[in-house]
Amino acid sequence: MPQPPTTPALSLNNINISIAGKEICHDINLTINPGECHILIGPNGSGKSTLLCAIMGIKPFTITSGTILLNGVDITTYGITDRARAGLGLAFQRPIGLEGVSVRRLAHALGATHRLETAAHRLGVDYLIDRDVNTGFSGGELKRWEVAKLELQDPQVCLFDEPESGVDLQQVGVVSTAINHLMSTPTASGKHRAALAITHTGFLLDGVDATAGHLMVDGRIIETANPRDLFERIRRTGYVPTA
Ligand code: ADP
Ligand code: MG
């Protein structure tokens, strides 16, 4: 019997993104189904963070044309709060500090106090619980807390911006395991999660079950392939596609 078509968890349709009138990302098309983790690779300044921030609805990244659908719902005109409520979450590349707001208090605001210790323990950041969020955290602590934060926030579609960069080699495995755990655990409302993760080093691929890889150069996705094959090719021949 034919299977009913799956509604994508996230679909980007002909998206263009500008910052202060300058177009950074051009004609982006991407479909991520429930259960899938896609990897985004590309040189510095190619527009990877711009894409993730624009999906999340963060200013000054502006979507000038195209549509974003989350579970089939058009969220293109939603502000950041409504996008978060609809099930989007972002682990930042360079998260800002929240002075005066402890990790415990943020977990309480997220309604996730009962899950805080487990999530923090999984990422090895238990000892940060009574510190102010991202204030004075080391590079590795920032990244590990950002992943724990997503576990507390419980989004259906998780966006990770270089979650392993600045994390020491031993802890990269901890981050990958936590991402896999998040991906294999349905949301509180029973939805399968999906993810789009930027990796600069490729280390994430050693531990994360990625289903597809996309190469972004100069604000365009120029190639989509098996993520490990794609990374190997980039290691050998650089970011320029062979074909
Ligand atoms: P990547 O994440 O691939 O390294 P970014 O998305 O951070 O690249 O940056 C893409 C381009 O957008 C770069 O030229 C960068 O300088 C520019 N850019 C990013 N954020 C801003 C901003 N807030 N204001 C102005 N330009 C920005
Ligand atoms: Mg970036």
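Above this note sits the structure.
Source: prediction; values computed, not measured. (Residues numbered from 1 in each chain as written. Chains lettered and ligands numbered in written order. Predicted model: local features only at pLDDT ≥ 70, side-chain atom pairs only at ≥ 80, totals over all residues. Heavy atoms only, no water.)

Could you give me a rundown of the environment of Met216, with the residues and numbers involved?
Counting through the fold element by element, Met216 comes out in strand S11 (residues 212-217). When its relative accessible area of 0% is taken as the criterion, Met216 is described as buried. When near neighbours in sequence (up to four residues on either side) are disregarded, Met216 contacts Cys25, Ile28, Leu40, Ile41, Gly42, Pro43, Ser46, Gly47, Lys48, Leu51 and Ile221. (Helix = DSSP H or I, 4+ residues; strand = E, 2+ residues; numbered from the N terminus. Buried < 20%, exposed > 50% of the residue type's maximum accessible area, 1.4 Å probe, protein only. Contact = heavy atoms within 4.5 Å.)

Quick one: what's the story with the side chain of Lys149, residue by residue and with numbers?
Checked against the element boundaries, Lys149 lands in helix H5 (residues 139-153). Beyond its immediate sequence surroundings of up to four residues, Lys149 is in contact with Leu90, Ala91 and Phe92.

Can you explain the sheet that holds strand S2 (residues 22-32)? Please cite residues and give values.
Strand order in the open sheet made by the four strands is S2-S1-S4-S5, with antiparallel pairing throughout. Taken across any chain shown, the strands that pair with only one partner, and hence form the sheet edges, are S2 and strand S5 (73-74). Here seven bridges tie strand S1 (residues 10-19) to S2, and the two strands are oriented antiparallel to one another. Directly across from Ser18, in S2, lies its bridge partner Glu23. (Pairing = 2+ DSSP bridges.)

Summarise the site of ligand 1; cite the residues concerned and give the values.
Around ligand 1, the neighbouring residues are Ile19, Ile24, Pro43, Asn44, Gly45, Ser46, Gly47, Lys48, Ser49, Thr50, Pro60 and Phe61. Between ligand 1 and Ser49 there is a distance of 2.9 Å, counted from an oxygen atom to a backbone nitrogen or oxygen. Within the side chain of Thr50, an N or O atom sits 2.6 Å from an oxygen atom of ligand 1. Taking 560 Å² as the accessible area of ligand 1 by itself, protein coverage stands at 59%. Per element, the largest residue contribution to the shell around ligand 1 is three residues, and it comes from helix H1 (residues 48-56). (Near = heavy atom within 4 Å. Polar contact = N/O pair within 3.5 Å; in protein donor to acceptor, adjacent residues only side chain to side chain. Areas by Shrake-Rupley, 256 points an atom, 1.4 Å probe, with all protein chains shown as cover.)

Describe in detail the pattern of salt bridges, supporting the description with residues and values.
Summed over all chains, the structure comprises six salt bridges. In this structure, the salt-bridge partner of Arg104 is Asp130, at a minimum N-O distance of 2.9 Å. Remark: Asp130 occurs in the loop between helix H4 (113-122) and strand S8 (132-133) and Arg104 occurs in helix H3 (residues 103-109); sequence separation between them is 26 residues. Among the residues examined, Arg104 registers a relative accessible area of 35% and is labelled partly exposed. For Lys149, the salt bridge goes to Glu146, with nearest N and O atoms at 2.9 Å. (Salt bridge = Lys/Arg side-chain N within 4 Å of Asp/Glu carboxyl O.)

So, the sheet that holds strand S9 (residues 157-161): which residues are in play, and what are the values?
Pairing is mixed across the open sheet formed by six strands, whose spatial order is S6-S9-S10-S3-S11-S12. Strands with a single pairing partner mark the edges of an open sheet, and in this sheet they are strand S6 (88-91) and strand S12 (220-225). The sheet shows a mean angle of 20 degrees between the axes of neighbouring strands, taken without regard to direction. Looking at chain direction, S11 and S12 are connected through five bridges and run antiparallel. From the neighbouring strand, Met216 faces S12, where its bridge partner is Ile221. (Axes fitted to C-alpha atoms, helices over the stretch in contact; angles between N-to-C directions.)

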